[in-house]
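# Tertiary structure, described
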Amino acid sequence: MENLGALLHGFTVAVSPYHIGLMVVGVLLGILVGVLPGLGAPNGVSLLLPLTFTMDPVAAIILLTSMYWGALFGGSTTSILFNIPGEPSSVATTFDGYPLAQKGRATEALSFAFLSAGFGALCGVIVITLLSGWVQKFALKFSSPEFFAVYFLAFASFVGLGGAPVLKTIVSIGIGFALAAVGMDSVSGSLRLTFGLDQLISGVSFLVAVIGLFGIGELILTIEEGLHLKGIDARVRVRDVFRAMAEMPRHLATLLRSALVGIWMGITPGGPTAASFMSYGLGKRFSKFRANYGKGEPDGIIAPETADHSAGTAAMLPMLALGIPGSATAAVMLGGLMIWGLNPGPMLFVERPDFVWGLIASMYLGNVLAVVLVLSTVPLFASILRIPFAIIGPAIVVICFIGAYTVGSRPFDLWLALLFGVLGYLFKKLDYPIAPLILAMVIGDKAEDAFRQSLIMSKGSMTIFWANPLVATLMALAVTLLVWPLLMRLWRLLRPAG
Amino acid sequence: MLTRRALEIAFAGATALFGAVVAWGATEYGVGWSPSGPDPGTFPFYIGLMVALASLANMAIAAGARQPAGRPFMTGDQARRIAGFVGPILIFVVLSLLLGLYVATALYIGAVMLVQGRYPLWHALLVAVGLPLALYLLLEKGFRVPLLKGPLEALIGL
C-alpha cells in the first residue's frame, strides 16, 4: 500500500499544465521520429537529450519518456500503412498489420495496434508500481560484487536470449566496453586508450554513437533497399475505432500472454524487439486465431504490439532500481539521468522519490495521452511519409549531425558520427547486434568500477563473486544464460542420436 | 564482386585488429595487480583480448561456412545508391568543419534537391534557406544551444 501512496504523490508531481504540455510535445515528436525512416526511439531520445541538460530532471525525463512512447506508436503506424517498420520492434507488426490494412481495414488495424499497445504499456507500468518498492529493498542489500553480478547478468542475457549470433554479440559488447574505457579513468584518474589523440581525452560519447549507429546506419540501409511507399488510405474512421474496441475482449488471452512475455523481456534485458517476435511466435502456436496468422488477423497485430509496449515500459524498472537499462532507449535515458546529476540505482528511490514516482505517474498519463494523440494524428504523419526522400533524407542527416554536435560542441564528433554510421550499417548487414554495444558504452564504466572495487575488497580473489547466496545466485543465473546457446546446440545434436 | 563471405571475413579481421589495439594500448597502464587494486589497464586489456579472440572465431566461422559461391554482398545498383547518399554526407561533414553547420546544411540540402531530386531552383532555395533558419531559431533562440559557426556568421556578426 505504501507504493500506492507514493504513486498518488507522484501524480501530484506529474499533473501540472507544464508537464502535460511536455507530454504532448514529447509524444508528438516521438511519433514523428517513429514514423520517419532512420530515426527511431533510441536516437530520437539521443537527439533531444542535449536540449534537456538545463531542464529540471522531472520535466526532462517526462519529455524523454513521452517521446519514447510516441516513437513506439509511430513505428507501428508505418508498419501497418506502408509495410515499413519505423522501429525494429515493430517488424512483427507488419506480418498481420499490413495485410489487414490492404483489405481496406486500415483504421481497424491501427486501432488494434494502438489499443493493445496501450494495454501492454499499462500492464508494464502497473508491474513497475507494484514491484519497485520490493526491488528497491532488495537492491539496498547490494554492494560492489552484487552490482557487478547484475551487470554481468544483463550482458549474459543479451548473449543467451538476444537471438543474434553469440560470438558477434560478444564482439559488440566488447567494442562497447572498450569505447567506454577511452578517456579519463574514474578510479585512478589516468588517461586511457587515447593513443596520443587530444580529441579522445574526453572520451567517446554514447550519444554520438547512438546517433551514428541507429540514425545514419539505418538511413544507409533504407537507401540500399530503395524506399517504396505503397500508400494505403490513411483516413481514420471513428466507427472502425469503436468496432475494434468492441472486438478487443475476444483477444483477452493473447493480450495477457503477450503482456507477460513483454514484461519478462523488458525486465531481463531482452528488449522490446525480442519480446514482439517471441510474442508473435507464441501466438502463432497457441492462439485460437492461429490459423489466420499472416493473413491479416487482428490477433497477430495484438500479440507483438502488446509485448512491444509492455517490454518498453517494463524496461524502466531495472533502469531506475538497479541502474541497468532493459533496452537501447532505456540505456540512453540512463545516460541522461547521470548527466542530470542523478544516480540511478536503489538510492534514487530514497533520495529522489518525487523524481521516481513523478516519472511512474507520468507513464500512466503519457501512455493514455499517446493512444489518443496517435489515433487523431495518423493522417498527418502518414502524409509526412509522402514527402520525397530527396528532401526528407538529407533533412534527417542534418538533424543527426547537428544532434551529434550539440552533445559536447566538439567538431570531432561529426567525424565520429559518420564513422559510427558506416559501422551501424555494417553491423546490421552482418547480423551484429547494436543494442549490447550501446548498453556496454553506457554502463561500461560502472561495471568496471564495480569489478575493480570488488577485487579491492577481496584483495584480488575472484571468490568474492560467489561469497554470499545473493551474489552467487545472480552469477549462477548469468553463467547459465551465457552457456544457454551452447546447451541448446548440444541438446539438438544429441536428440537425434538418443 | 564483393561477396558476403569476403565482407564477413574482412569485418571480423577489422574487429580483431580493434581488439588487439585496445589490448596493446591497455598494457601501457599496467595490466596486473598493484597495492591499490587492479591496474587501470587490466579491464580494457582483457576486453580487448576477448574482442580479438571472438573476432578470430567469427573469421574462422565465416571462412568455413558453405555458401553458394560468389553470392554478392550488394548489387551494383545498391552500391551506386549508397555511394550517392554517403558521398554527399562526407562532403557535408567537411563543409561543416570549414564553413559551420548552418552554411553546410544550406549547401548540402540545396545541392541534393537540385541534383538528385531534380527540383526547380526556387524550390531547392526555399528549403535550403528555410531549414537552417528554422534550426537557428529553434536551437540558438529557443534552447540557447550554439552550433558550429563559420566565416559567414562572423561576417554578419552572429
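If you're wondering where the values come from, they're calculated on a predicted model, not measured in any experiment.

### Describing the overall build of chain B
- For chain B, the helix and strand inventory stands at six helices and two strands.
- The helix and strand sequence of chain B, counted from the amino end, reads α-β-β-α-α-α-α-α.
- Here the C-alpha radius of gyration of chain B, 24 Å, is well above what a compact globule of 158 residues would show, namely 15 Å.
- Over its C-alpha atoms, taken along the principal directions, chain B stretches across nearly 60 × 55 × 25 Å.
- When burial is assessed residue by residue, chain B has 42% of its 158 residues classed as buried.
- By element, 72% of the accessible surface of chain B is carried by carbon and sulfur atoms, the whole surface being about 8,600 Å².

### Digging into helix 19 (residues 435–457) of chain A
Residues and elements named next belong to chain A.
- An ideal rise of 1.5 Å per residue puts 33 Å on 23 residues; helix 19 measures up with 32 Å between its terminal C-alpha atoms.
- At Ile443, helix 19 shows its strongest bend, of approximately 60 degrees.
- Within helix 19, 18 of the 23 residues are buried, which leaves it mostly tucked inside the rest of the structure.
- Of the residues flanking the end of helix 19, it is Lys459, one or two places downstream, whose phi is positive at about 55 degrees.

### What about the environment of B:Glu140?
Residue and element names in this part refer to chain B.
- Summarising the element assignment, Glu140 is placed in helix 5 (residues 121–143).
- By relative accessible area, Glu140 is classed as buried at 16%.
- Each C-alpha atom of the pair Glu140 and Met50 lies 44 Å from the other, and the pair is 90 residues apart in sequence.
- Filtering out sequence-adjacent residues up to four positions away, Glu140 remains in contact with Tyr102, Leu135, Val145, Pro146, Leu147 and Lys149.
- At 2.9 Å, the side chain of Glu140 forms a polar contact with the backbone nitrogen of Leu147.

### A word on the domain arrangement of chain B
- Looking at the assigned domains, one finds that chain B contains domain 1 (4–64) and domain 2 (76–155).
- Taken over C-alpha atoms, the centre of domain 1 of chain B sits 38 Å from the centre of domain 2 of chain B.

### Looking at a nonpolar patch on the surface
All names here are of chain A.
- Nonpolar side chains collect at one region of the surface, where Trp466, Val479, Leu482, Val483, Trp484, Leu486, Leu487, Leu490, Leu493 and Leu494 lie side by side and expose about 950 Å² of accessible area between them.
- Mapping Trp484 onto the fold places it in helix 20 (residues 469–497).
- Of the residues examined, Trp484 reaches a relative accessible area of 39% and is grouped as partly exposed.

### Comments concerning the side chain of B:Ser96
- By the secondary structure assignment, B:Ser96 is in helix 3 (residues 76–99).
- A relative accessible area of 1% places B:Ser96 in the buried class.

### As for the packing of aromatic side chains
- For the structure on display, the rule yields 23 aromatic pairs over all chains.
- Between A:Tyr280 and A:Tyr293, the ring centres sit 5.2 Å apart and the planes meet at 45 degrees, which makes this aromatic pair tilted. One end of the pair, A:Tyr280, is in helix 11 (residues 271–286); the other, A:Tyr293, is in the loop between helix 11 and helix 12 (298–314), with 13 residues separating them in the sequence. An identical accessibility class is assigned to A:Tyr280 and A:Tyr293; each is buried.
- Following the ring pairs from residue to residue traces out a cluster consisting of A:Phe148, A:Phe152, A:Phe155, A:Phe177, A:Phe451, A:Phe465 and B:Phe43.

### Notes on the environment of A:Leu110
- Inspection of the secondary structure puts A:Leu110 in helix 5 (residues 91–139).
- In sequence terms A:Leu110 and A:Lys446 are 336 residues apart; their C-alpha atoms lie 41 Å from each other.

### So, unusual backbone geometry
All names here are of chain A.
- For Ser409, which is not glycine, the phi dihedral falls at a positive 50 degrees.
- Relative to the helices and strands, Ser409 resides in the loop between helix 17 (389–408) and helix 18 (412–429).
- Ser409 gets classed as partly exposed once you look at its relative accessible area, which sits at 38%.
- Its identity is not glycine, yet Asp431 carries a phi of approximately 65 degrees, on the positive side.
- Summarising the element assignment, Asp431 is placed in the loop between helix 18 and helix 19.

### Remarks on the nonpolar core
- Within the largest apolar cluster, 200 residues are counted, with the highest numbers of intra-cluster contacts made by A:Phe114, A:Leu320, A:Leu337, A:Phe355, A:Phe401 and A:Ile438.
- No other element matches the 17 residues that helix 16 (residues 353–384) of chain A contributes to this core.
- Of the residues that make up this core, three or more belong to each of domain 1 (4–64) and domain 2 (76–155) of chain B.
- Once you skip the residues sitting within four places of it in the chain, A:Leu320 turns out to touch A:Leu337, A:Pro344, A:Gly345, A:Leu348, A:Phe349, A:Phe355, A:Val356 and A:Leu359.
- The next biggest cluster of nonpolar side chains, apart from the first, holds six residues, and it includes A:Met265, A:Ala275, A:Ala307 and A:Ala311.

### Describing the confidence of the model for chain B
- For chain B, per-residue confidence averages 89 on the pLDDT scale, and 96% of positions sit at 70 or higher.
- Interface scoring of the predicted complex returns ipTM 0.94; its pTM is 0.87.

### A short note on the interface of chain B and chain A
- Taken residue by residue, the interface counts 59 residues in chain B and 57 residues in chain A.
- For the pair chain B and chain A, the two sides together bury roughly 5,100 Å², of which 82% comes from carbon and sulfur.
- When the buried area of chain B at its contact with chain A is split by residue, B:Phe11, B:Phe43 and B:Phe85 rank highest and sum to 14% of it.
- Where chain B packs against chain A, one counts two salt bridges.
- As a salt-bridge pair, B:Arg4 and A:Asp431 come within 3.4 Å of each other at their nearest N and O atoms.
- Counting across the chain B and chain A interface gives eight residue pairs in polar contact (both at pLDDT 80 or more).

### Quick word on the packing of helix 3 (residues 41–48) of chain A against helix 14 (residues 328–339) of chain A
Residues and elements named next belong to chain A.
- Viewed as axis vectors pointing N to C, helix 3 and helix 14 meet at an angle of 15 degrees, and their least axial separation amounts to 8 Å. Taken together, the axes of helix 3 and helix 14 lie roughly parallel to each other. When you trace helix 3 past helix 14, the crossing you get is right-handed. Touching Ala41, Pro42, Val45 and Ser46 of helix 3 are Ala328, Thr329, Val332 and Met333, all from helix 14.
- Residues of the contact of helix 3 with helix 14, tallied by class, amount to six nonpolar, two polar and no charged.

### Here we look at the environment of A:Pro433
All names here are of chain A.
- For Pro433, the location among the structural elements is in the loop between helix 18 and helix 19.
- A sequence separation of 275 residues divides Pro433 from Phe158, and the C-alpha atoms of the two residues are 9.2 Å apart.
- Every residue in contact with Pro433, bar those within four places of it in the chain, is listed here: Ala164, Lys168, Thr169, Ser172 and Phe427.

### Digging into the packing of helix 3 of chain A against helix 4 (residues 57–82) of chain A
Residues and elements named next belong to chain A.
- In the contact formed by helix 3 and helix 4, the axes pass within 9 Å of each other and the chain directions differ by 150 degrees. Judged on the interaxial angle alone, helix 4 and helix 3 are roughly antiparallel. The two elements helix 3 and helix 4 meet at a crossing, and its hand is right-handed. Where helix 3 approaches helix 4, its residues Ala41, Gly44, Val45 and Leu48 are matched on the opposing element by Leu63, Leu64, Met67, Tyr68 and Ala71.
- For the contact of helix 3 with helix 4, the residue count by class is eight nonpolar, one polar and no charged.

Cut-offs applied
Residues numbered from 1 in each chain as written. Chains lettered and ligands numbered in written order. Predicted model: local features only at pLDDT ≥ 70, side-chain atom pairs only at ≥ 80, totals over all residues. Heavy atoms only, no water. Helix = DSSP H or I, 4+ residues; strand = E, 2+ residues; numbered from the N terminus. Rg over C-alpha atoms; globule rule 2.2 N^0.38 Å. Buried < 20%, exposed > 50% of the residue type's maximum accessible area, 1.4 Å probe, protein only. Areas by Shrake-Rupley, 256 points an atom, 1.4 Å probe, with all protein chains shown as cover. Expected span 1.5 Å × (residues − 1). Bend = angle between axes of the 7 residues up to and from the residue. Contact = heavy atoms within 4.5 Å. Polar contact = N/O pair within 3.5 Å; in protein donor to acceptor, adjacent residues only side chain to side chain. Domains from an automatic or database assignment. Patch = residues over 30% accessible without salt bridge, like charges linked within 9 Å, V, L, I, M, F, W, Y side chains within 5 Å. Salt bridge = Lys/Arg side-chain N within 4 Å of Asp/Glu carboxyl O. Phe/Tyr/Trp six-rings, centres within 6.5 Å; stacked < 30°, edge-to-face > 60°. Core = buried A, V, L, I, M, F, W, Y, C linked by side-chain atoms within 4.5 Å. pLDDT = per-residue confidence, 0-100. Buried area = accessible area lost by both parts, 1.4 Å probe. Axes fitted to C-alpha atoms, helices over the stretch in contact; angles between N-to-C directions. Parallel < 35°, antiparallel > 145°, perpendicular 65-115°, else oblique. Left-handed = near helix turned anticlockwise from the far one by under 90°. Nonpolar A, V, L, I, M, F, W, Y, C, P; charged D, E, K, R; others polar.

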